[in-house]
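Structure at a glance
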Amino acid sequence: MVRLPLTPDDVARGRRLGALLRRARGERTVLAVALDAGVSPETLRKIESGRVATPAFPTVAAVAEVLGLSLDAVWAELRRTEEPALAGGGARIAS
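Residues numbered from 1 in each chain as written. Predicted model: local features only at pLDDT ≥ 70, side-chain atom pairs only at ≥ 80, totals over all residues. Heavy atoms only, no water.

**Thoughts on the confidence of the model for the protein**
Of all residues in the protein, 84% have pLDDT values of 70 or greater, and the mean over the chain is 87. Low pLDDT (under 50) marks residues 83-95, which in the prediction has 25 contacts with non-local residues, meaning those over four places away or in another chain. (pLDDT = per-residue confidence, 0-100. Contact = heavy atoms within 4.5 Å.)

Rendered as structure tokens:
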């Protein structure tokens, strides 16, 4: 199967996803979150750094659940078009 090259929008969405997950992880370690989500720590590191711009949906869903993020909050963040707002927020943690 041939993968199409990522577009600049794909890369930007991957960065927003990574930033969202890093903020939601807070003080928890990558190892603890990854193990709780059932993914490898390296996979989570790659997603958080934006090196994996298009992770599999089940992976995102598992990490979001562990972090207490609703998929609606994740989707809202991914649909944003401007990156500068990342520093102040945008992530809504489900209660």
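**Description of the packing of helix H1 (residues 8-25) against helix H4 (residues 57-67)**
Contact pair H1 / H4: the axes reach a minimum separation of 10 Å and the direction vectors enclose 30 degrees. Relative to H4, H1 is oriented roughly parallel. Our pair here, H1 against H4, has a crossing hand that is left-handed. Across the interface between the two elements, Leu17, Leu21, Ala24 and Arg25 from H1 touch Val60, Val63 and Leu67 from H4. For the contact of H1 with H4, the per-class residue count stands at 6 nonpolar, no polar and 1 charged. (Axes fitted to C-alpha atoms, helices over the stretch in contact; angles between N-to-C directions. Helix = DSSP H or I, 4+ residues; strand = E, 2+ residues; numbered from the N terminus. Parallel < 35°, antiparallel > 145°, perpendicular 65-115°, else oblique. Left-handed = near helix turned anticlockwise from the far one by under 90°. Nonpolar A, V, L, I, M, F, W, Y, C, P; charged D, E, K, R; others polar.)

**Comments concerning helix H3 (residues 41-49)**
Listed as buried for H3 are Leu44, Ile47 and Glu48. Viewed end-on, H3 has its buried residues packed into an arc of 95 degrees, placing them on one side of the element. Where H3 is buried, its residues contact H1, helix H2 (30-37) and H4. Downstream of H3 by a residue or two, glycine 50 has a phi angle that is positive, lying close to 85 degrees. (Buried < 20%, exposed > 50% of the residue type's maximum accessible area, 1.4 Å probe, protein only. Arc of directions from axis to C-beta.)

**Notes on the layout of surface pockets**
In this approach the atoms are scanned with a rolling probe the size of a water molecule, which exposes any empty space left behind. What the largest pocket holds in volume is close to 220 Å³. Contributing to the lining of the largest pocket are 14 residues, with Leu17, Pro55, Val60, Trp75 and Leu78 lying nearest its centre. Listing elements by their share of the lining of the largest pocket, those giving two or more residues are H1, H4 and helix H5 (71-79). Taken together, the residues that form the lining of the largest pocket break down as 10 nonpolar, 2 polar and 2 charged. (1 Å grid on protein atoms, 1.4 Å probe; cavity = no way out; pocket = protein on both sides within 12 Å on 5 of 7 lines; lining within 4 Å. Points joined across faces, edges and corners; volume = space filled by probe spheres on them.)

**Some details on H2**
Along H2, the positions that sit buried rather than exposed are Val30, Val33, Ala34 and Ala37. For H2, the angular spread of the buried residues around the axis is 95 degrees, confining them to a single face. Of the exposed residues in H2, the ones pointing more than 90 degrees away from its buried face are Leu35 and Asp36.

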